[in-house]
Amino acid sequence: MKHVYFFAQGRAEGTAAMRDVLGGKGANLAEMTNLGIPVPPGFTIGAPVCMSYLQSGTLPEEVKQQVTAAMARLEEVTGKKFGGGDNPLLVSVRSGAKFSMPGMMDTILNLGLNDRTVEALARNTSNRRFAYDSYRRLIQMYGSVVFGIKGADAEGDPFDRALEELKRARGAERDIDLPAEDLERLVAEFKQIVLRHTGSPFPQDPWEQLWGAIEAVFRSWENRRAVEYRKLHRIPHDLGTAVNVVAMVYGNLGEDSGTGVAFTRNPSTGERGLFGEFLPNAQGEDVVAGIRDPEPIEKMGSRLPQAYQELLRVASTLERHFRDMQDIEFTVERGKLFLLQTRAGKRTVQAAVRIAVDLVGEGLIDRAEAVRRVDADQLDQLLHPMVDPRATAEVIATGLPASPGAAVGRVVLDADTAVRSAESGEAVILVRRETSPDDFHGMVAAKAILTARGGLTSHAAVVARGMGKCCVVGAKDLELDEGARLFRANGRVVREGDWISVDGTTGRVFLGRVPLVDPEPGPEFLRLMEWADQLRLLRVRANADTPEDARRARQFGAEGIGLCRTEHMFFGEDRIMAMREMIVAQNAEGRRKALEKLLPMQRQDFLGIFREMNGFPVTIRLLDPPLHEFLPRGPEEIARLAGALGVGEEELTRTVERLAEANPMLGHRGCRLGITYPEITAMQARAIFEAACDAAEEGVEVHPEVMVPLVAHVEELQRQAEIVRSVAEEVLRQRGRRVEYSVGTMIELPRAALTAEQIAGAADFFSFGTNDLTQTTFGLSRDDAGSFLPHYLEAGILADDPFQTLDVEGVGRLIEMAVQSGRKSNPALKVGICGEHGGDPRSIAFCHRVGLNYVSCSPFRVPVARLAAAQAAVGTASGADK
């Protein structure tokens, strides 16, 4: 089998289509080579080798043979010798998975240097400082990646500490200010660090270095940050990473050299034009790690004008070729440009929307492709809060706006504390000098990230943008003191646990809690949603219980209400007493008297919702929860209620005890309440249809849909539907109006799904209550599953939380069966879902496949559902690799 793929001098053994084997980086290196773009020569070891190595713990012999042969070709192409004393070949060893995972796996540069080849490099370049700068970088990276020395010391990274101590001793602000003699001493100290931590000297054999580096990069597929990243972005764990071995080009040869990262469009806003940063006399990790503050990419134009013009040309070529915004890593060696990587750039959802719409206008993609390009799951970030422009608050620092949005939280100074605090329910903001890949789990837990160092292409910025998380980097006024667990900023002392607010759109950091407001989406968002609406087949409704919710839902594009939970209307202070009076009544007459007090309140609620949903359907679920949920708990509450109702405490206590259930989720609730207490159903039906008539008299177009919950048997639905229709006809006859209405049921029990053909004969519509259907299918309580469900996910028993993403194999099979058999007996049956899954893109794709008419979700998820429905229609999975 072929395991190693070579690329050099305009010809490559791979293409961009070979991502499964070459990984994204290797495939694009091959593609750029074939395009004639200046790429250093090298070869890629395929990703399948990674999984083989992780299973066996050794590199297969045939892989070693192919690597040895590829290295010989690389020597021939470059005219250099790997390990050679006169003209040594040095290489970089980098990871590269199918899906971009920036900063999650490992890289080693300058591999091949040793005590002999460093002298040859110094002679050949006439630059002793450069040679030893490259050597100390190799020892540090190799020590960190291969030997795991980074962070092993109780006082932090020993390599960084040695460098900082030397800079302080020499009065040097930057590492590039250290002369060659100091770097030689630093190399000797770094080698001692390796010896002290490993018990063995730093390897002098370049081949030993190479095999160690290749295996370390393969192992990095399973490091904590890579695993966490894959979980967050739903990347399969069995893909493995390729390894790219590429001839070194040097950005640290002097002021005519440098390195940088550039995006062909602004990754935060989507604005067209080259955006990025450049560091003269540096290597690539200096930009990403935020060790030195880079310059805006435009300054490269005055420093290295010829290389900058070439970069502009190449960036334009790559964007046109790949038809997407590109993230480019490059090095300039003595004035000559080399491309080290290109990939579809990570971007905020704001940028993703604008770029997709602009690319349609530029003729590079069509509207369907534009809809595919935006991750539906992230779309609600556009609707998240921003700092209230009217707010007055003290700005304690200003940095670079790396990822837009705003957040308020308590300061935490390390990733582990961020996770612990977030798990206990705290909103936290992770504040670091600069982040590293080891901070990833804390970045996921935090509401926002704030760093004192780094630029707009630093690790913190790139990762935060990929997650759609608010981020400010390079806030130079921050002075962190991890030992004292605080930071200082412009005379202010902020301790861990204090509140701050971060504005990722402007780069400002505020002391305390600043009020936030909802944003207003721009014209690109509205245009994209218009295209999505033209492409989708599924209708999108909202779950809304109040006129305010209904109004918000319409603003977000909802085409009706798929679930109005009437029980939420009874918990108001002015209503709960009447509800309790109804519950404790000793007979039907007493219940009717109490219900008469609730009738006008319910009627007014429904009228307000009908007004907001003028012309759209409103599905109203009859009372669902068990009655005991409305009653007081504890002696003091019972005593107060007894006095208010004029009943004895003992009598009320007996009522509360009588209504208590061992398993209320499967108890006296839903349609069972309406069957035992039909006056409740009658009152709710009267409120619905009197409100419908009132609205119609105002000129509102009403489409009420009455939904009977928790039906398990067709007889239950028939009896409840008979009450609803009887009351409806009575009200409509009295008011002299004709209002079209329908009566259906919520399918949330397995028996209902299995007998859907019978139930559909009595129903105008089905709405799948996937929250309860998941509970009853799995036989678990959502409220209690938190004690073990995370373990199931961690152990791989379940791929996803079934309450977040629909269980297609089990719950989904019941839904599909119910749809098919229901429409068999009732071809006109309308079918939708109204559980939390109605706003989950992958669940929406399933709903499209099985032929549902609509999904219903919370108002803020309506735009997500609209886009996901369009993506399902044009054939894409939301969250495609970016």
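Predicted, not measured: the structure shown is a model, and the values here were computed from it. (Residues numbered from 1 in each chain as written. Predicted model: local features only at pLDDT ≥ 70, side-chain atom pairs only at ≥ 80, totals over all residues. Heavy atoms only, no water.)

## Structural notes on the sheet that holds strand β24 (residues 499-503)
Part 1 of the reasoning: With mixed pairing, 8 strands are arranged side by side in an open sheet as β15-β25-β24-β17-β18-β19-β20-β16. Sheet topology places β15 (395-398) and β16 (400-403) at the edges, where each strand pairs with a single neighbour. If you compare each strand with its neighbour and ignore which way they point, the axes differ by 30° on average.
Part 2 of the reasoning: When β15 meets strand β25 (residues 508-511), the two strands line up antiparallel, connected through 3 bridges. Bridged to V395 within β25 is F510. (Pairing = 2+ DSSP bridges. Helix = DSSP H or I, 4+ residues; strand = E, 2+ residues; numbered from the N terminus. Axes fitted to C-alpha atoms, helices over the stretch in contact; angles between N-to-C directions.)

## Brief notes about the packing of aromatic side chains
Each aromatic ring pair is summarised here by two numbers: the centre-to-centre distance and the angle between the ring planes.
Part 1 of the reasoning: Throughout the structure, instances matching the rule amount to 14 aromatic pairs.
Part 2 of the reasoning: With centroids separated by 6.5 Å and ring planes inclined at 55°, the aromatic side chains of Y132 and Y135 adopt a geometry described as tilted. Taken together, the residues span about one helical turn, with Y132 and Y135 both in helix α5 (residues 128-145) at a distance of 3 residues. As far as the burial class goes, Y132 and Y135 line up, both buried.
Part 3 of the reasoning: Between the aromatic rings of F159 and F190, the centroid separation amounts to 5.0 Å while the plane-to-plane angle is 75°, which identifies the pairing as edge-to-face. Pair noted here: F159 is in helix α6 (residues 158-170) and F190 is in helix α7 (residues 180-198), with a separation of 31 residues, a long-range link. Both residues of the pair, F159 and F190, count as buried.
Part 4 of the reasoning: Within the aromatic cluster, the residues linked to one another by ring pairs are Y132, Y135, Y142, F147 and F202.
Part 5 of the reasoning: The ring of F338 has K336 lying over it, and the distance from NZ or CZ to the ring centre is 5.2 Å. (Phe/Tyr/Trp six-rings, centres within 6.5 Å; stacked < 30°, edge-to-face > 60°. Buried < 20%, exposed > 50% of the residue type's maximum accessible area, 1.4 Å probe, protein only. Lys NZ or Arg CZ within 6 Å of the ring centre and 35° of its normal.)

## Looking at the pattern of salt bridges
Part 1 of the reasoning: Considering all chains together, one arrives at 66 salt bridges under this definition.
Part 2 of the reasoning: K191 is paired through a salt bridge with D115; the nearest N and O atoms lie 2.8 Å apart. Taken together, the residues span a long stretch of sequence, with K191 in helix α7 and D115 in the loop between β7 (107-111) and α4 (117-125) at a distance of 76 residues.
Part 3 of the reasoning: Judged by its relative accessible area of 37%, D115 falls in the partly exposed class.
Part 4 of the reasoning: Across the pair R735 and D694 runs a salt bridge whose closest N-O atoms are separated by 2.4 Å. Residue R735 is found in helix α26 (residues 714-735), and its partner D694 is found in helix α25 (residues 678-697); the two are separated by 41 residues along the sequence.
Part 5 of the reasoning: Members of the salt-bridge network, linked through shared partners, are D324, R347, E369, R372 and R373. (Salt bridge = Lys/Arg side-chain N within 4 Å of Asp/Glu carboxyl O.)

## Some points on the sheet that holds strand β21 (residues 478-481)
Part 1 of the reasoning: Overall, antiparallel pairing links the 3 strands, which are arranged β21-β22-β23 in an open sheet. Because the sheet does not close on itself, it has two edges, and the strands there are β21 and β23 (492-495). Between one strand axis and the next, the sheet turns through 25° on average, direction left out of account.
Part 2 of the reasoning: Two strands pair when backbone bridges link them, and strand β22 (residues 486-489) and β23 are joined in this way by 4 bridges, in the antiparallel orientation. When the bridges of β23 are listed, A489 appears paired with R492.

## A short note on the nonpolar core
Part 1 of the reasoning: Counting 218 residues, the largest nonpolar core has F43, I45, L111, I214, L379 and F610 as the members making the most contacts within it.
Part 2 of the reasoning: In terms of residue count, α25 provides more of this core than any other element does, 10 residues in total.
Part 3 of the reasoning: Once residues within four sequence positions are removed from consideration, L379 is found in contact with V349, V353, V374, F525, M529, P863, V864 and L867. (Core = buried A, V, L, I, M, F, W, Y, C linked by side-chain atoms within 4.5 Å. Contact = heavy atoms within 4.5 Å.)

## Details of the packing of helix α32 (residues 841-849) against helix α33 (residues 862-874)
Part 1 of the reasoning: For the pair α32 and α33, interaxial distance at closest approach is 9 Å and the crossing angle is 50°. Classified by the angle their axes make, α32 and α33 are oblique. Classified by chirality, the crossing of α33 by α32 is right-handed. Here P841, I844, A845 and H848 of α32 lie close against α33, whose contacting residues are V864, A865, A868, A869, A872 and A873.
Part 2 of the reasoning: Split by residue class, the contact of α32 with α33 holds 9 nonpolar, 1 polar and no charged. (Parallel < 35°, antiparallel > 145°, perpendicular 65-115°, else oblique. Left-handed = near helix turned anticlockwise from the far one by under 90°. Nonpolar A, V, L, I, M, F, W, Y, C, P; charged D, E, K, R; others polar.)

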